[in-house]
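Analysis of the macromolecular model
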Amino acid sequence: MAYEINQALPRSFGRLKNGESITPTFASHVRGVLASLLPRYGLLTAFLVLWQVSSTRGWINPAIFPPLNVILSALWTNLANGALLDDIAISLQRSGTAFAFAVVVGIPLGLFMGQFRAVEQALDPILQLFRQTSALALYPVFILLLGLGETSKIFVIFWATLFPVLLATIGGVKEVDKKLIEMARTYGAGSLTVFRRVILPASVPAIFVGLRLSATTALLLLIAAEMIGANKGIGFQVMNAQYNFQIPLMFAAILLLAFLGLAANALLVLLQRRLCRWSQPNA
């Protein structure tokens, strides 16, 4: 394979102006890219290829598991005609609002609880009780209290996304090296300076772990919230397509949710790398 690629290259590619030859690097570059991608995406690629071949050849029921090209075609068609655009906007608004409220409440509360052990001991039992109670189990209660409108949908997503951010922030504060805090105080730093220069920066990587978990949870709860009492949203489209046996559209909506989750995770990873360059391992 590498020999054929090398033979296809122009002869001038491997020579300098003075006639000296150089070693072609295109084939080695391709091998390097494949070597880096295959361990990470090889299994996923094999799964997708198996799905496509199995559905196309009838090894699995194509009415239940349509070929990937049919699913992608349904996704593209509904995006092009605008059928899914409103649903995407509404779903992002619901999950984004709930996620923003979870960040605004969870991070300050976690920073406060992480620094004061007495406060954490007083609040931890009730927080653990609420955390272990499924948000889906409480959703009927939220509907009774807040109605079937947007408020109950946003609140159930907020409830589920709050605890990953809160607990990750508390854990990040508690794991700050005590010697760094003592050293800062030895050099005359006050409580506010210690918090701003030591505790908060050291807690940021753990906080981002909680943010990534919360972003995933927000999309998962979004589906459940939109399946009850909603007439718009990606979750509604999943259920509506299933009821009408529009299986390619159903899988297209599920695939769209997966893309949104990957995009949210990638955005948070990029933001973490920019804010926490000091914590990244040296290349």
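Scroll up to find the structure.
Below: a short report on this structure. (Residues numbered from 1 in each chain as written. Predicted model: local features only at pLDDT ≥ 70, side-chain atom pairs only at ≥ 80, totals over all residues. Heavy atoms only, no water.)

1. Some details on the overall build of the protein
For the protein, the helix and strand inventory stands at 11 helices and zero strands. Counting from the amino terminus, the protein carries its helices and strands in the arrangement α-α-α-α-α-α-α-α-α-α-α. Counting only residues that meet the buried cut, the protein has 34% of its 283 residues in that class. Intrachain contacts of the protein at a sequence separation of at least 6 include 67% that bridge at least 24 residues. Counting only carbon and sulfur atoms, one obtains 66% of the accessible surface of the protein, whose full area is about 17700 Å². (Helix = DSSP H or I, 4+ residues; strand = E, 2+ residues; numbered from the N terminus. Buried < 20%, exposed > 50% of the residue type's maximum accessible area, 1.4 Å probe, protein only. Contact = heavy atoms within 4.5 Å. Areas by Shrake-Rupley, 256 points an atom, 1.4 Å probe, with all protein chains shown as cover.)

2. A few points about the nonpolar core
Nonpolar side chains in soluble globular proteins generally cluster together in the buried interior. Counting 44 residues, the largest nonpolar core has Val 156, Ile 157 and Ile 234 as the members making the most contacts within it. Those elements giving two or more residues to this core turn out to be helix H3 (68-80), helix H4 (85-115), helix H6 (135-146), helix H7 (150-174), helix H9 (191-226), helix H10 (234-243) and helix H11 (247-275). If we skip the residues at most four places from it in the chain, Val 156 touches Ala 135, Tyr 139, Phe 142, Leu 221 and Ala 225. Membership of the second largest hydrophobic core comes to 18 residues, among which are Leu 111, Val 173, Ala 184 and Phe 208. (Core = buried A, V, L, I, M, F, W, Y, C linked by side-chain atoms within 4.5 Å.)

3. Comments concerning the packing of aromatic side chains
Throughout the structure, instances matching the rule amount to 11 aromatic pairs. For the ring pair Phe 65 and Phe 251, a centre distance of 6.1 Å and an interplane angle of 40° mean the geometry is tilted. Highlighted residues: Phe 65 in the loop between helix H2 (26-57) and H3 and Phe 251 in helix H11, separated in sequence by 186 residues. Overall, the relative accessible area of 37% leaves Phe 65 in the partly exposed class. Phe 251 gets classed as buried once you look at its relative accessible area, which sits at 15%. Of the aromatic side chains, those joined through ring pairs into one cluster are Phe 130, Phe 142, Phe 155, Phe 158, Trp 159 and Phe 163. (Phe/Tyr/Trp six-rings, centres within 6.5 Å; stacked < 30°, edge-to-face > 60°.)

4. A look at the packing of H6 against H7
Running from N to C, H6 and H7 point in directions that differ by 145°, and their axes come no closer than 9 Å. Judged by the sense of rotation from one axis to the other, the crossing of H6 with H7 is right-handed. Between H6, through Ala 135, Leu 138, Tyr 139, Phe 142, Ile 143 and Leu 146, and H7, the contact on the second element is made entirely by Thr 151, Ser 152, Lys 153, Phe 155, Val 156, Trp 159 and Ala 160. (Axes fitted to C-alpha atoms, helices over the stretch in contact; angles between N-to-C directions. Left-handed = near helix turned anticlockwise from the far one by under 90°.)

5. Let's talk about a nonpolar patch on the surface
Taken together, the side chains of Tyr 41, Leu 44, Phe 47 and Leu 48 define a hydrophobic patch exposed on the protein surface, amounting to about 380 Å² of accessible area. Turning to its location among the elements, Leu 44 is positioned in helix H2. (Patch = residues over 30% accessible without salt bridge, like charges linked within 9 Å, V, L, I, M, F, W, Y side chains within 5 Å. Salt bridge = Lys/Arg side-chain N within 4 Å of Asp/Glu carboxyl O.)

6. With respect to the packing of H10 against H11
Two numbers describe how H10 lies on H11: the axes approach to 8 Å, and their chain directions differ by 160°. Considering their axes alone, H10 and H11 lie roughly antiparallel with respect to each other. Relative to H11, H10 is oriented so that their crossing is left-handed. Where H10 abuts H11, its residues Ile 234, Gln 237, Val 238, Ala 241 and Gln 242 lie against Leu 249, Met 250, Ala 253, Ile 254, Leu 256, Leu 257 and Leu 260. When its residues are assigned to classes, the contact of H10 with H11 shows 10 nonpolar, two polar and no charged. (Parallel < 35°, antiparallel > 145°, perpendicular 65-115°, else oblique. Nonpolar A, V, L, I, M, F, W, Y, C, P; charged D, E, K, R; others polar.)

7. So, helix H8 (residues 178-186)
Each full turn of the α-helix corresponds to 3.6 residues, which orients residues three or four apart in the same direction. Where H8 begins, one side-chain oxygen reaches toward the backbone nitrogen of Lys 179, 3.1 Å away; that side chain belongs to Asp 177. Phi for Gly 188, located one or two positions after H8, is positive at around 90°. (Polar contact = N/O pair within 3.5 Å; in protein donor to acceptor, adjacent residues only side chain to side chain.)

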